[in-house]
Amino acid sequence: MRQSPTNLSRLGACALLAAAAFGLTAAPPASAQDSTAPAAPASHNVYSAGGQVRPAGPVEGDFIAAGGRVVLDQPVRGDAALAGGSVDVRAPVGDDLRAVGGDVRIDSTVGGELFVTGGNVTLAGAARVTQGAKVYGGAITMDGRVDGPLEAGAQKISLNGQIGGDARLTAEQIELGPDARIAGALHYASGTELKKAAGATVVGAITREERAAGEPTVVRQRQWGGATGTLGAAVLGFLALLACATVFMLVVPDSSVRAADTVKTSPGLSLALGFGALVALPVLAVLLFITVLGIPLGLTLLALYPVLLLAGYLVGVLCIARLAQPALRKEAPATFGWQIGFFALALLLVSLIGRVPVAGTLVLAVITVMGTGASVLMLYRRRQNGPGSALSPSQAAPMTALTGSARAPGT
């Protein structure tokens, strides 16, 4: 359960970066520029995104914003959902507050629940959450007040405020300042002992997980095991990807070849389009969730996201196979079996490279992003030229070799 907020933070960070990069702007009631001029309260929900986002006046409904910098300096009667490189909440939020960002600072009252995830999260002394709070980040500083229970996870947690219920903390370093007061019990998991300053008060019991001292080692072992896996799992994964590639090249032989060749001929464009597609798709899905009619389409886009990643990875590996083909064999193979053989070799090479720490992950990411961009570009060109358009001679030869026949594609 504690890993899901981390996954959510990554998704949220992806969405906010995409919104900032593409400068999405939806709904004129919110302004992307600083403004001190008074404005009439907005009687409806306000949605906005851009480089810098802040409401032009009080919001009677919900306020949803994403951008490079999000400043909430006008009261919001309903919920607030904010995502940005930096998020600064200075005005009261009547109901729940959800915030995702690199730096998140809350310096006002939250009438409902609070959920925050970010790199650096600060609840200033004036901050007050009338219900429970869940906070996750790299470093958390809490000087404010939470009337309900608190759940927090980070590398370092510094608590010097008041908690009205139980507190569950997970961090490498946990410090309770002299003004800290926890009305309930404190349950914490940490690689080091709790640092409790004189004056800090915990009304309930203080408990620590038995394995807390060895937790960092266990986490690293799990991550390494998840990356490499056992030999049997690695073989099954390899065969599964090979089966997917076989189906992919049998069902859409011309499209797979065109996409792979696009990576070779336009690597920069493929990388840019792939990055744009992968970061824009979650943002579009989130924006569709705003309306009831858009929810089914948003769910469909999210469901297609892993399919897009898989297709991009397969296309990237297929491109490597086609690059290696001339070096290993002077003439192009005339059978489909040879094509699968070259793909299997390329897949094995990529799998081995992917096991290299850091660099391997970067290589896999680049291959997947470029393959995704090439697929998007191929689909766009196919739509522009029509499904029955003829291939160029350079494209027809690989296609003939792939299908093992002399007929031209589309005939």
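Being a predicted model, the structure only gives us computed values, none of them experimental. (Residues numbered from 1 in each chain as written. Predicted model: local features only at pLDDT ≥ 70, side-chain atom pairs only at ≥ 80, totals over all residues. Heavy atoms only, no water.)

Points about the packing of aromatic side chains
Okay, step 1: Counting across every chain of the model gives one aromatic pair.
Okay, step 2: With centroids separated by 6.0 Å and ring planes inclined at 50°, the aromatic side chains of F115 and Y136 adopt a geometry described as tilted. Of the two residues, F115 is situated in strand β7 (residues 114-123) and Y136 in strand β9 (residues 133-142); the sequence distance between them amounts to 21 residues.
Okay, step 3: Using a relative accessible area of 14% as the deciding quantity, one classes F115 as buried.
Okay, step 4: Among the residues examined, Y136 registers a relative accessible area of 9% and is labelled buried. (Phe/Tyr/Trp six-rings, centres within 6.5 Å; stacked < 30°, edge-to-face > 60°. Helix = DSSP H or I, 4+ residues; strand = E, 2+ residues; numbered from the N terminus. Buried < 20%, exposed > 50% of the residue type's maximum accessible area, 1.4 Å probe, protein only.)

Some words on the confidence of the model for the protein
Okay, step 1: Averaged over all residues, the pLDDT of the protein equals 74, while 72% of them reach at least 70.
Okay, step 2: A low-confidence stretch, residues 387-411 stays under pLDDT 50, and its non-local contacts, those more than four residues away or across chains, total 31 contacts. (pLDDT = per-residue confidence, 0-100. Contact = heavy atoms within 4.5 Å.)

Remarks on the sheet that holds strand β8 (residues 128-129)
Okay, step 1: The six strands are arranged β6-β8-β10-β13-β16-β19 in an open sheet whose pairing can be described as parallel. Each edge of the open sheet is held by one strand with a lone partner, namely β6 (109-110) and β19 (201-202).
Okay, step 2: Note: strand β16 (residues 181-182) against β19, two bridges, orientation parallel. Bridged to I182 within β19 is V202. (Pairing = 2+ DSSP bridges.)

A few points about the pairing of strand β17 (residues 186-189)
Okay, step 1: Inspection of the sheet shows strand β14 (residues 167-170) paired to β17 by four bridges, in the parallel sense. Its bridge partner being in β17, R168 is matched across the sheet by H187.
Okay, step 2: Taken together, the three bridges between β17 and strand β20 (residues 206-208) define a ladder with parallel strand orientation. Bridging from a neighbouring strand, Y188 pairs with R208 of β20.

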